[in-house]
Amino acid sequence: MNEILVTGATGNVGRQVVLQLLAGGTAVRALARTPDSAGLPDGVDVVGGDLSEPDTLERALTGISTVFLIWPFLTTEGAPAVLEAIERHPRRIVYLSSSGVNEDAERQTDPINQLHADMERLIEESGAEWTVLRSDTIASNARGWAGQIRTTRVVRGPGIAATAVIHEADVAAVAVRALTDDGHAGAKHILTGPQVLSRAEQVHAIGEAAGRPARFEAVPLEVARQQMLADGRPPALVEALLAAATRPESDLITSTVEEITGAPARTFRSWAEEHADTFR
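Residues numbered from 1 in each chain as written. Predicted model: local features only at pLDDT ≥ 70, side-chain atom pairs only at ≥ 80, totals over all residues. Heavy atoms only, no water.

Caption draft 1: Expanded view of empty space enclosed by the protein. Inspection of the entire model under this criterion finds 1 cavity of 30 Å³ or more. What the largest cavity holds in volume is close to 30 Å³. Looking at the largest cavity, the residues that line it are L5, T7, L31, L51, L57, L61, V67, V82 and I86. Residue classes in the lining of the largest cavity are distributed as 8 nonpolar, 1 polar and no charged. (1 Å grid on protein atoms, 1.4 Å probe; cavity = no way out; pocket = protein on both sides within 12 Å on 5 of 7 lines; lining within 4 Å. Points joined across faces, edges and corners; volume = space filled by probe spheres on them. Nonpolar A, V, L, I, M, F, W, Y, C, P; charged D, E, K, R; others polar.)

Shown next, in the form of structure tokens:
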């Protein structure tokens, strides 16, 4: 039986990939910095390792056929060494990227999309078979608003262009198909939810689901910068997030989720209803 390694296995998307692979009877190995606190179900082979330390990956990669790769850093520094380690074992990588990547652009519009474009290039140049999943904004990002909604019912932040927000379970469902089925080699799948939503519309939907009317209040970038720094976020991450706030508007909606999984993409409202307790 081929075993699949999932990186980012304790995060929102990675955990869903692990659970869905396990539910489908696929042997799953999860990479975690601290295996004892990973909180993954029985049946998952949780192995210690850290993508920032490629020498720690040997045990996790041994006997693996395929890797689901989430790159959690803001630069590609260290990525070549990780890809070299992967090349010595599996022959297949499924990489979670961004729908904002523009292949025709010499430089991307912001640091996060530039990172993903650079990672895609490195993966394509590696010796592995690859599939890229270019995901739109993931619904679980809204968890970051929970404190504000619970305490003030007002979410304050930079006004970011509306996007077709996608449920993390749908990203994972496509990932599982790409990891386990043939026919995805060399593909770049663009994944979106079924509806373009502004931040205000997302916050409103969460408030309705939680029974706590909530609204979004846009603030100037400098105010947002100072608040994020005060919250303890690293300056480089703050600047990357604020750069993302200047992305152009996009009305892109794809049917890729349904085409690959056979089920239509879930709505953001359904996500809000599933996670309503988080915001109460």
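Caption draft 2: How the structure looks around the packing of aromatic side chains. In the structure shown here, the tally under the stated rule is 3 aromatic pairs. With a centroid separation of 4.9 Å and 80 degrees between ring planes, the pair formed by W71 and F73 is classed as edge-to-face. W71 sits in the buried class, given a relative accessible area of 6%. We classify F73 as partly exposed; its relative accessible area is 22%. Geometrically, the ring pair formed by W271 and F279 is edge-to-face, given 6.1 Å between the ring centres and 65 degrees between the ring planes. The same class applies to W271 and to F279, which are both buried. (Phe/Tyr/Trp six-rings, centres within 6.5 Å; stacked < 30°, edge-to-face > 60°. Buried < 20%, exposed > 50% of the residue type's maximum accessible area, 1.4 Å probe, protein only.)

Caption draft 3: Representation of helix α3 (residues 79–87). Every buried residue belonging to α3 is among A79, V82, L83, A85 and I86, and all of these are buried. The buried residues of α3 all sit within an arc of 155 degrees when viewed along its axis, so they share a single face. Those residues of α3 that are buried lie in contact with α2 (58–61), β4 (64–69), β5 (92–98) and α4 (111–125). (Helix = DSSP H or I, 4+ residues; strand = E, 2+ residues; numbered from the N terminus. Arc of directions from axis to C-beta. Contact = heavy atoms within 4.5 Å.)

Caption draft 4: Quick look at the side chain of S98. Following the sequence through the fold, S98 ends up in strand β5. Of the polar contacts made by the side chain of S98, one reaches the side chain of N113; its length is 2.7 Å. Those residues in contact with S98 that lie beyond four places of it in its chain are N113, H116, L133, R134 and S135. (Polar contact = N/O pair within 3.5 Å; in protein donor to acceptor, adjacent residues only side chain to side chain.)

Caption draft 5: Up close: unusual backbone geometry. Phi at R153 takes a positive value of approximately 65 degrees, unusual for a residue other than glycine. One can find R153 in the loop between α5 (146–151) and β7 (154–157).

Caption draft 6: Spotlight on the environment of T278. Tracing the backbone shows T278 in the segment after α11 (268–274). Distance in space between the C-alpha atoms of T278 and A85 is 39 Å, their sequence separation being 193 residues. Those residues in contact with T278 that sit more than four places away from it in its chain are R143, A146 and R150.

Caption draft 7: Structural view of the pattern of salt bridges. Enumeration according to the criterion identifies 18 salt bridges in this entry. Between R269 and E208 there is a salt bridge, and its shortest N-O distance comes to 2.9 Å. Of this pair, R269 sits in helix α11 while E208 sits in helix α7 (residues 199–210), and the two are 61 residues apart along the sequence. Residue class for E208 comes out partly exposed when judged on its relative accessible area of 46%. Each member of the salt-bridge network shares a partner with another, and the members are E103, E120, E124, R134 and K188. (Salt bridge = Lys/Arg side-chain N within 4 Å of Asp/Glu carboxyl O.)

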